[in-house]
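Structural characterization, general
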Amino acid sequence: MDNVYTHGHHESVLRSHRWRTAENSCGYLLPHLQPRQRLLDVGCGPGTITMDLAALLGPAGQVSALERTEDALDLARAEADRRGTTNVDFAVGDVAALDLPDDSYDVVHAHQVLQHVDDPVLALREMRRVCRPGGLVAVRESDYGGFVWHPRVPQLDRWLEVYEAVARGNGAEPDAGRRLLSWARAAGFSDVAPSSSTWCYASPEDRTWWGGLWADRVVGSDLARQAVARGAASEAELEGIAAGWREWAEEEDGWFSVLHGEILARP
């Protein structure tokens, strides 16, 4: 599977990803974790969630962090070094063709990964294969069509159109959250517990952070490069979208909710 990662690894993208924790990004999974478990974290990114999960499993637990390239994996290695985490190993791999034995993990976890692959059902089949009987496959995906914000800023409407066009041009599915249950059933799971949760940005500090990182992302990240190259938006239009994000961030009544779908599936 040779998918293009829509966001890339621009600083504005990592600023968002490094904010993520086990508590704010996989609360639906946490009650099911136990010491000594083996956990595979697919698409670990900069590793903040990964290291949190490793801490929760304790020194007798083990986490495997998986990324598509060594450069991406180096971000997680750096986070492990920063924290002094020792119960995490690192591997380059493809979720559609995992070079791992059957039934090798108690928990297989992915956060914001399946929305970026062109065959999420195949990916789930592979995650199911490497999860032991009685284990858990845990997936959380955002659903861009379910994002809501106030006040209505026209540039943000256009931002969503551009993002969806670029993502779908990469074979990705930005409205992945609502599809997780159907994908899991198509992958052969019959025992699936679906849920949803949100991130909400409404305080002055949160608005500044969220609006600022998206303002930077729409002009400086791989998303911007792809949007211009494919004719989804001009550079001038992207600058206008960035200004719209900053305008929204300055609104005293500004509010933004990010919807996520979640599944806990047993092989």
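Quick summary incoming for the structure in this document. Numbering of residues starts from 1 in each chain and follows the order in which that chain's sequence is written. Per-residue local features of the predicted model are confined to residues with pLDDT of at least 70, and side-chain atom pairs are confined, for both listing and counting, to 80 or more; whole-chain, interface and lining totals are unaffected and use all residues. Heavy atoms from the whole structure form the basis of all side-chain values; hydrogens and water molecules are not counted.

1. A closer look at the nonpolar core
- Trp159, Trp210, Trp214, Trp245, Trp248 and Phe256 are the most contacted members of the largest nonpolar core, which totals 33 residues.
- Contacts are residue-level and defined by heavy atoms, with any inter-residue pair within 4.5 Å sufficient. Among residues more than four places away in sequence, those in contact with tryptophan 210 are Ser16, Tyr201, Trp245, Trp248, Phe256 and Val258.
- Nonpolar core, defined: a set of buried Ala, Val, Leu, Ile, Met, Phe, Trp, Tyr and Cys residues in which side-chain atoms within 4.5 Å join the residues together. Accessibility here uses a 1.4 Å probe with only protein chains present; expressed as a share of the type maximum, an area under 20% marks a residue as buried, one over 50% as exposed, and anything in between as partly exposed. The next biggest cluster of nonpolar side chains, apart from the first, holds 28 residues, and it includes Leu114, Met127, Trp183 and Ala187.

2. Let's talk about the environment of arginine 36
- Put simply, DSSP marks the helices as runs of H or I at least four residues long and the strands as runs of E at least two long, and each gets a number from the N terminus on. Tracing the backbone through its elements, the reader meets arginine 36 in the loop between helix H2 (22-25) and strand S1 (38-42).
- The exposure class of arginine 36 is exposed, given its relative accessible area of 63%.
- Each C-alpha atom, one on arginine 36 and one on glutamate 70, is 27 Å from the other, the two residues being 34 residues apart in sequence.
- Setting aside anything within four residues of it in sequence, one finds arginine 36 in contact with Leu57, Ala60, Gly61 and Asp106.

3. So, the packing of aromatic side chains
- Classification of ring pairs rests on two measures: the distance between centres of Phe, Tyr or Trp rings, Trp counted by its six-membered ring, which must be within 6.5 Å, and the angle between planes, read as stacked under 30 degrees, edge-to-face over 60 and tilted in between. A complete count under the given rule lists 22 aromatic pairs for this structure.
- With centroids separated by 6.4 Å and ring planes inclined at 85°, the aromatic side chains of tyrosine 163 and tryptophan 214 adopt a geometry described as edge-to-face. Of the two residues, tyrosine 163 sits in helix H6 (residues 154-169) while tryptophan 214 sits in helix H8 (residues 204-220), which places them 51 residues apart along the sequence.
- Residue tyrosine 163 is classed as buried on the basis of its relative accessible area of 1%.
- Here tryptophan 214 falls in the buried class, since its relative accessible area comes to 2%.
- Taking the centre distance of 5.8 Å and the plane angle of 80° together, the rings of tryptophan 248 and phenylalanine 256 count as edge-to-face. Accessibility assignment for this pair places tryptophan 248 and phenylalanine 256 in one class, buried.
- Each ring is checked for a lysine NZ or an arginine CZ that lies within 6 Å of its centre and within 35 degrees of its normal; such an atom marks a charge sitting over the ring. Over the ring of tyrosine 105 we find arginine 38, and its NZ or CZ is 4.6 Å from the ring centre.

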